[in-house]
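Chains, contacts and geometry: an overview
These are the residues of each chain, in order.
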Amino acid sequence: MAVKVLVPTTLQSFTNNQATLESSGSTIAELLESLEQSFPGIKSRLCDEEGKLRRFVNFYVDSEDIRHLDGINTTLKDGDEVSIVPAVAGG
């Protein structure tokens, strides 16, 4: 099962400067493990020490915010597009 992952510029140093990846996983949690196997160190940028998604990183599955779905347990299917979007704050 292939899932398309859109990687923000700030994380592309972990993905050999690739902005778009194909990875696998039936949930966001499994996708994160797959990404970590292929690109060691990337998971620590996305998750805290307890394995929870960091507050300043947003994930979207086919443009739907996973916070409105099942969070890290959101189900993925073949052909889904997962966007990793760093939160932006300003003042």
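Each chain has its residues counted from 1, running along the sequence as written. Selection of residues for local features in this predicted model requires a pLDDT of at least 70, selection of side-chain atom pairs for listing and counting requires 80 or more, and totals for whole chains, interfaces and linings are taken over all residues. Where side-chain values are given, they derive from all heavy atoms of the structure, hydrogens and water being excluded.

Among the nonpolar cores identified, the biggest contains 20 residues, and Ile28, Leu46, Phe59 and Val82 are the most heavily contacted of them. Every element with two or more residues in this core is listed here: β1 (3–6), α1 (28–38), α2 (42–46), β3 (57–61) and β5 (81–86). Elements are defined by DSSP. Helices are runs of H or I of four residues or more, strands are runs of E of two residues or more, and each kind is numbered from the N terminus. Of the residues forming this core, the biggest block, four residues, is contributed by α1. Other than its neighbours up to four places away in sequence, Ile28 contacts Phe59, Val61, Ile66, Gly71, Ile72, Thr74, Leu76 and Val82. Put simply, buried Ala, Val, Leu, Ile, Met, Phe, Trp, Tyr and Cys residues joined by side-chain atoms within 4.5 Å make one nonpolar core. With a 1.4 Å probe rolled over the protein chains alone, any residue whose accessible area is under 20% of its type maximum counts as buried; one over 50% counts as exposed, and the rest are partly exposed. Contacts are residue-level and defined by heavy atoms, with any inter-residue pair within 4.5 Å sufficient.

All right, on to the pairing of strand β2 (residues 20–23) then. Alternating residues of β2 divide into Leu21 and Ser23, all buried, and Thr20 and Glu22, none buried. Here β1 runs beside β2; their pairing, made up of four bridges, is antiparallel. Residue pairing for β2: Val5 is matched across the bridge by Leu21. Here, any two strands with at least 2 DSSP bridges between them count as paired.

Bringing unusual backbone geometry into the picture now. Notably, Asn16 is not glycine yet its phi reads approximately 55°, a positive angle. Tracing the backbone shows Asn16 in the loop between β1 and β2.

Let us now look at the pairing of β5. Consecutive side chains of a regular strand alternate in pointing toward one face of the sheet and then the other. Relative to β5, β1 runs parallel, the two sharing three bridges. Within β5, the residue paired with Leu6 across the bridge is Ser83.

Turning our eyes to something else, we now look at the sheet that holds β5. If you trace the five strands from one edge of the open sheet to the other, you get β2-β1-β5-β3-β4, paired in mixed fashion. Looking at strand neighbours, the two that pair on one side only are β2 and β4 (64–65), the edges of this open sheet. Here, axes are lines fitted to C-alpha atoms. For helices the fit covers the stretch in contact, and angles between N-to-C directions go from 0 to 180 degrees. Its contacts with the sheet place α1 against β1, β2, β3 and β5, and it is angled at close to 110° to β2.

So, on to the environment of Ser38. Mapped onto the elements, Ser38 comes out in helix α1. Owing to a relative accessible area of 47%, Ser38 belongs among the partly exposed residues under this scheme.

Relative to the helices and strands, Ser34 resides in helix α1. A distance of 2.9 Å separates the side chain of Ser34 from the side chain of Ser23, its partner in a polar contact. In this view, Ser34 contacts Ser23 and Ser24; residues no more than four positions away in its chain are not counted. By the criterion applied in these results, polar contacts are pairs of N or O atoms within 3.5 Å in which, for protein atoms, one can donate a hydrogen and the other can accept it, and in which residues neighboring in sequence qualify only through two side-chain atoms.

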